[in-house]
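Examination of the molecular architecture
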Amino acid sequence: MTNYTDEDQGGGIAGLASRLRAARESRGLTQAQAASELGVSRPLLIAIEKGTREASPGELIKLAEIYGKPVSELLRPSAPPVAIGARFRAALASVPDAGQLSGAVTRLEDQADNYLDLLRRANAEAPGRYPAARSISHLDPWQAGEDLATEERNRLGLGDGPIRPLREVLEIEVGLRVFLLPLPRHVAGLFVYVDVLGGCIGVNISHPTERRRWTMAHEYAHYLATRDRAEVTPVTQRRHQPESERFADAFAANFLMPRSGLSRRFHELRRGKDGKVTPATLVQLAHAYGVSVQALTLRLEDLRLVPPGTWDKLSDHDFQPRAAARILGTEPAEQAADALPLHCRLLAVQLYADGEITEPQLARYLNTDIVGARRAYQELTETGDVSDDGSPQIVDLSEAAG
Amino acid sequence: MPRNPLLLDACVAINLAATYRLQHITQAIDVTFTLARQAAAEVGYLRDTAGGDLIRTPIDLGQHAGDTLQIIDLTPPEYPVYLRLAREVDDGEAATIAAAAHRGLQLATDDRKARRLCTELRIPEPLRTLALLRTYADAAALQHAQLRDLLIRIRDRASFQPSRSDPDHKWWQDGIDTL
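Residues numbered from 1 in each chain as written. Chains lettered and ligands numbered in written order. Predicted model: local features only at pLDDT ≥ 70, side-chain atom pairs only at ≥ 80, totals over all residues. Heavy atoms only, no water.

A separate point is the interface of chain A and chain B. Facing the 35 residues of chain A at the interface are 35 residues of chain B. Across the chain A/chain B interface, buried area totals approximately 2,800 Å², and carbon plus sulfur atoms make up 52% of it. The interface formed by chain A and chain B includes one salt bridge. With a shortest N-O distance of 2.7 Å, Arg47 of chain B and Asp369 of chain A are connected by a salt bridge. Between the two partners, chain A and chain B, sit 15 residue pairs in polar contact (both at pLDDT 80 or more). Those elements that place two or more of their residues in the side of chain A that touches chain B are α4 (57–67), α5 (71–74), α17 (342–353), α18 (359–365), α19 (370–380) and α20 (397–400) of chain A. Sorting elements by how many residues they give to the side of chain A that touches chain B places α19 of chain A first, with six residues. (Contact = heavy atoms within 4.5 Å. Buried area = accessible area lost by both parts, 1.4 Å probe. Salt bridge = Lys/Arg side-chain N within 4 Å of Asp/Glu carboxyl O. Polar contact = N/O pair within 3.5 Å; in protein donor to acceptor, adjacent residues only side chain to side chain. Helix = DSSP H or I, 4+ residues; strand = E, 2+ residues; numbered from the N terminus.)

On to the nonpolar core, then. If you look at the biggest cluster of nonpolar residues, it comprises 124 residues, and the most contacted ones within it are Phe88 of chain A together with Leu8 and Phe33 of chain B. The element best represented in this core is helix α7 (residues 98–122) of chain A, accounting for nine residues. In this structure, Phe33 of chain B is in contact with Leu6, Leu8, Leu16, Leu22, Ile25, Thr26, Thr68, Leu69, Gln70 and Leu132 of chain B, ignoring residues within four places of it in sequence. Counting residues in each nonpolar core, the second largest holds 52 residues, with Ala252, Leu282, Ala295 and Leu314 of chain A among its members. (Core = buried A, V, L, I, M, F, W, Y, C linked by side-chain atoms within 4.5 Å. Buried < 20%, exposed > 50% of the residue type's maximum accessible area, 1.4 Å probe, protein only.)

This brings us to helix α9 (residues 166–174) of chain A. Residue and element names in this part refer to chain A. Within α9, burial applies to Leu166, Arg167, Val169, Leu170, Glu171 and Val174. Buried residues belonging to α9 abut α8 (141–156), β1 (177–181), α10 (209–225), α11 (243–256) and α17. Downstream of α9 by one or two residues, Gly175 has phi in the positive range, about 95°.

What follows is about the confidence of the model for chain B. In the predicted model, chain B carries a mean pLDDT of 95, and the fraction of residues at 70 or more is 98%. Per the prediction output, this complex has pTM 0.88; the corresponding ipTM is 0.96. (pLDDT = per-residue confidence, 0-100.)

What follows concerns the sheet that holds strand β3 (residues 198–204) of chain A. Residue and element names in this part refer to chain A. A sheet is described by the order of its strands in space; here four strands give the open sequence β1-β3-β2-β4, paired in mixed fashion. On the outer flanks of this sheet lie β1 and β4 (231–234), each paired with one strand and no other. Ignoring strand direction, the axes of neighbouring strands in this sheet form an average angle of 20°. Sitting on the sheet, α7 touches β1, β2 (187–194) and β4, and the angle it makes with β1 is about 135°. Against the sheet, α10 contacts β1, β2, β3 and β4, and its axis sits at roughly 35° relative to β2. (Pairing = 2+ DSSP bridges. Axes fitted to C-alpha atoms, helices over the stretch in contact; angles between N-to-C directions.)

Residue and element names in this part refer to chain B. By the criterion of burial, strand β2 (residues 31–36) is predominantly enclosed, with six of the six residues buried. What you see with β2 is no split at all: Val31, Phe33 and Leu35 on one side and Thr32, Thr34 and Ala36 on the other are buried throughout. In this structure, strand β1 (residues 4–8) lies alongside β2, joined through four bridges in parallel fashion. Among the inter-strand pairings, Asn4 is bridged to a residue of β2, identified as Val31. As judged from the four bridges shared by β2 and strand β5 (residues 69–72), these two strands associate in the parallel manner. Residue Ala36 lies in a different strand from β5, and its bridge partner there is Ile72.

This part is about the sheet that holds β1 of chain B. Strands pair in a sheet through their backbones, by hydrogen bonds, and they do so in one of two ways: parallel or antiparallel. All names here are of chain B. Spatially, β5-β2-β1-β6 is the arrangement adopted by the four strands of the open sheet, whose pairing is parallel. Pairing within the sheet leaves two strands with one partner each, and these edge strands are β5 and β6 (106–108). Shown here is a sheet whose adjacent strand axes are inclined to one another by a mean of 35°, direction ignored.

All names here are of chain A. Relative to the elements of secondary structure, Thr226 occurs in the loop between α10 and β4. Taking the C-alpha atoms as reference points, Thr226 and Ile136, separated by 90 residues in sequence, lie 8.8 Å from one another. Sequence-distant contacts of Thr226, defined by excluding residues within four places in its chain, comprise Phe191, Ala221 and Glu231.

With that settled, consider the pairing of β1 of chain A. All names here are of chain A. Counting buried residues along β1, five of its five residues qualify, which places the element largely inside the surrounding structure. Of the two faces of β1, both are covered, the one formed by Arg177, Phe179 and Leu181 as well as the one formed by Val178 and Leu180. Examined bridge by bridge, β1 and β3 share five bridges and lie parallel to one another. From the neighbouring strand, Phe179 faces β3, where its bridge partner is Gly202.

Residue and element names in this part refer to chain B. Following the sequence through the fold, Thr32 ends up in strand β2. Since its relative accessible area comes to 9%, Thr32 is described here as buried. Every residue in contact with Thr32, bar those within four places of it in the chain, is listed here: Arg3, Asn4, Pro5, Leu6, Gly66, Asp67, Thr68, Leu69 and Gln70.

All right, on to the side chain of Arg19 of chain A then. Residue and element names in this part refer to chain A. Mapping Arg19 onto the fold places it in helix α1 (residues 12–27). Accessibility expressed as a relative area gives 5% for Arg19, which makes it buried. Sequence-distant contacts of Arg19, that is, excluding residues within four places in its chain, are made with Glu73, Leu74, Arg76, Ser78, Ala79, Pro80 and Asp113.

Another aspect to go through is the packing of aromatic side chains. Applying the stated rule across the entire model yields seven aromatic pairs over all chains. With 5.5 Å between their ring centres and 10° between their planes, Phe251 of chain A and Phe255 of chain A make a pair best called stacked. Taken together, the residues Phe251 of chain A and Phe255 of chain A, both in helix α11 and four residues apart, mark about one turn of the helix. Judged by relative accessible area, Phe255 of chain A falls into the buried class, the value being 0%. A ring pair is formed by Tyr352 of chain A and Tyr377 of chain A, whose centres lie 5.3 Å apart and whose planes are at 85°; its orientation type is edge-to-face. With Tyr352 of chain A in helix α17 and Tyr377 of chain A in helix α19, this pair connects stretches of sequence that are 25 residues apart. Residues Tyr352 of chain A and Tyr377 of chain A agree in their burial class; the two are buried. Aromatic rings pair up to connect Phe191, Tyr193 and Tyr223 of chain A into one cluster. A cation sits over an aromatic face here: Arg227 of chain A above Tyr223 of chain A, 4.3 Å from the ring centre. Above the plane of the ring of Tyr45 of chain B lies Arg56 of chain B, whose end atom (NZ or CZ) is 4.0 Å from the centre. (Phe/Tyr/Trp six-rings, centres within 6.5 Å; stacked < 30°, edge-to-face > 60°. Lys NZ or Arg CZ within 6 Å of the ring centre and 35° of its normal.)

The following block contains the structure:
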């Protein structure tokens, strides 16, 4: 009738129907409320949501307004990734501040939807060398964490040194999608696996860089061992953790600070200081591995390289790792907190450079406004060189492609 | 006499808003800037610096309502084209192009995808930001220093970088670099 859906792309009325339903639910409206606002009967709205009756152009535009969604998003040919919210339902039932977390899950769904739409437009696949799922049941969590971390490092050819570009390794090599999200302070991260996109990690954007790295490695462990279960990872003391969390922390510790490499570097530093281990040693090592001084010290305690209780002793003496790092010049560089996976950002930029999407679409995919998208585009296409006038040189991808 | 409406997409509107001279421009080139409601909703913020910090300045199109700028709503006969375009582009661009196609209005956009869709719909070639500015600079007989200030505002506040294939790119570069 109206020819605004696209059966050829596999979506058509069915895709639109499922998007309308998801948009209404995400807005927290019942079918009766939505029908009343639209000025139609409830059975008619149900028929539209089932795809048995196509919404008229006027109805569709009005529904987009009621649901606060762009029409262009409702018209995407694929169904929205509602599985993310569904999978989190059980996990959210057992945590405090579920309301705030539910907002973050909706945001994750939206961002995953944008990523999928970019992949469709670019006719591309998300990158990654997906590892098989592993079973850790009946194994000692600590040992299982160490074994799996070593195995993964070997599979990815990472050796036993520090991994500086951790997020890139997880996104490009492993195939995890890392999103930085505003989460409640006591929540470190989220993990969910969905067939269409693979393992998705949400990391608390307000946590320090080192903590975010730890969270990424921790959620990576859930991806390897318990990917069928959505996870909400609280910030907890390790003494009070269930087994699955102890396993994930053990994996994170071993993946970020492998036994052999850490021991070697520790002894090298110690030799340079006449065999002494000072707080400065700990600060330097933590900086090298991109972890907090607390995580580093607890790891050294586990490896018996420093006496048990060293971290508690430092805390009792009011040791201030940040202040120490400032004095030693090893303060972590606060990296730009790019909320979206690198591959997702690059896809959007390339599609824009190729004239396949508009500037407002680039802004939407990059989760910013139009001027923000222009700035991001210039940053992502800037080379290390400078132009004749001394300003940063920008490669115009559209012109480079001819 | 009413001025001629000139349809702007959100991106061109942002560039012009960055100049602080929307009213002067419309008077000098005898047009009323016209935005589809969906495009107006997309304009967002400019970037300014205050005390060394980068801040976001909201673009308030409402203050220019009247002869300078009008916001239009699509009418039902325009809906089908709008929805077909919205499968390809954002709501603002789709509504702007649908209005240009249906009402036969002159359109201004720098967007490659939008310009391609205009060609497909046989809409007369849209203006670009630089062509508009150049017409304004000539009509208002801007001094070189005034023009330079204007262009720098667009570059810095709107982070605008015209494509090298823009016919007026050299005019822009000369205006910023050498004057």
